Amino acid sequence: MRRELLELLEPVTEEEREILEGKGQVKQGLYTSRKHFTVESEKLLQEGKLISVRKHTRFAYFPLHDHNYVEVFYVCQGAVTHRIDGEEVTVRQGELLFLNQYASHEILPAGREDIAINLIVLPEFFDTAFSMIEKNNVLADFLADSLKEKNGTSRYLYFQVSDNLQIQNLMENLIDSLLHKQGNEEQINRHTMGLLFLHLMNAARSLKESTPNQYRNLLMMTTLRYIEENYRTGSLTQLCDMLNQSISGLSRMIRKSTGYTYKELLQRRRFRKAVELLVETELPVNDIVTAVGYENNSYFYRKFRERYQMTPNAYRERYRGSDRVRV
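The paragraphs below set out a description of the structure included in this document. As the structure is a computational prediction, the values presented were derived from the model and not from experiment. (Residues numbered from 1 in each chain as written. Predicted model: local features only at pLDDT ≥ 70, side-chain atom pairs only at ≥ 80, totals over all residues. Heavy atoms only, no water.)

**Structural notes on the pattern of salt bridges**
Part 1 of the reasoning: Evaluated as defined, the whole model comprises 19 salt bridges.
Part 2 of the reasoning: Between R17 and E21 there is a salt bridge, with its nearest N and O atoms 3.3 Å apart.
Part 3 of the reasoning: Given a relative accessible area of 35%, R17 falls into the partly exposed group.
Part 4 of the reasoning: For E21, a relative accessible area of 44% translates into the label partly exposed. (Salt bridge = Lys/Arg side-chain N within 4 Å of Asp/Glu carboxyl O. Buried < 20%, exposed > 50% of the residue type's maximum accessible area, 1.4 Å probe, protein only.)

**Quick look at the nonpolar core**
For soluble globular proteins, the rule of thumb is that nonpolar side chains tend to be buried together.
Part 1 of the reasoning: Ranked by internal contacts, the top residues of the largest apolar core, which has 60 residues, are L96, L119, M193 and L200.
Part 2 of the reasoning: In this view, L200 contacts L96, F98, F159, V161 and I167; residues no more than four positions away in its chain are not counted. (Core = buried A, V, L, I, M, F, W, Y, C linked by side-chain atoms within 4.5 Å. Contact = heavy atoms within 4.5 Å.)

**Focus: the pairing of strand β2 (residues 51–55)**
Part 1 of the reasoning: Most of β2 sits out of view: four of its five residues are buried.
Part 2 of the reasoning: With five bridges connecting them, β2 and strand β9 (residues 115–121) associate as antiparallel partners. Each residue of the ladder has a partner; that of S52, found in β9, is I120. (Helix = DSSP H or I, 4+ residues; strand = E, 2+ residues; numbered from the N terminus. Pairing = 2+ DSSP bridges.)

**Thoughts on the side chain of T81**
Part 1 of the reasoning: On the secondary structure map, T81 appears in strand β5 (residues 79–84).
Part 2 of the reasoning: When its relative accessible area of 16% is taken as the criterion, T81 is described as buried.
Part 3 of the reasoning: Side chain to side chain, T81 and T90 meet in a polar contact 2.9 Å long.
Part 4 of the reasoning: Discounting chain neighbours no more than four positions away, the residues touching T81 are E88, V89, T90, E106, I107 and L108. (Polar contact = N/O pair within 3.5 Å; in protein donor to acceptor, adjacent residues only side chain to side chain.)

**Focus: the sheet that holds β5**
Part 1 of the reasoning: Pairing in this open sheet of five strands is mixed, and the strands run β1-β3-β8-β5-β6 from one edge to the other. Looking along the sheet, the strands with just one partner apiece sit at the ends: β1 (38–39) and β6 (87–92).
Part 2 of the reasoning: Bridge count between β1 and strand β3 (residues 62–67): two bridges; the pairing is parallel. The partner of T38 across the bridge, within β3, is D66.

Note that every value here comes from positions in space, so none of it alone points to a role or purpose.
Dropping the structure here:
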């Protein structure tokens, strides 16, 4: 991290000074007004703001808690260990941990040289980021569901990206912008988060843990990567053979984890590519049908009309040159 940013984060805060002097531990009243330890965005965000940054409190054990916002935890220097559902996750320098609104965790004491920041983010802040990535990678759907789902499931995304210079630069730019408010930073921050997500998509293999069920997560991330890379010719049978899974078992897991069947995920990916080619190229529709993996033109036309309520040619005329493409 840039030296000038570290110099802003290194000094001992008043809360940390009291902890060092033995006058107390983490003061829950600074974070919540509730009996249950739920860290409240109202305590940490200025009114009307969707995102804020604060330095993680060192020297003390941070007891089990959840929060009513999405937390993005980034380690600037050293390492900080979280316990999530009883499992220890040590986030090291340059790594990112995303925790959704339902994630309960505790944090072990950090030393003086262990410097980390918390981004306090309301879910709607991610709208711009998701709009930037949704048509580029099927993994984006998984990320969006993980961070914004409403069913009360505790989920987290842990990215080991300390060697990714682009991601490090984007995180430093975001932190710098939040620490030094210079006007019109909201749009800058929204788009910086979008760029960060785009790079995280490219670094998907660095995603080591995204739900407490690591085995299921590994299968799901492999499935989504397979669809992304093999949408033209891939098959569920081939995927099951590759993963050594039964067709019925993997099908149930895909449906439970994403809300879609394998066939529906495959079709969504193919149509995303089809509409991209319709709007951005002059390829004949029949060539596009073949390019995205369909052999039956009539089937493609029927499914396209069901999805978009118009023919491919009508879609091309309506959205040609448009920045907003329906997917």
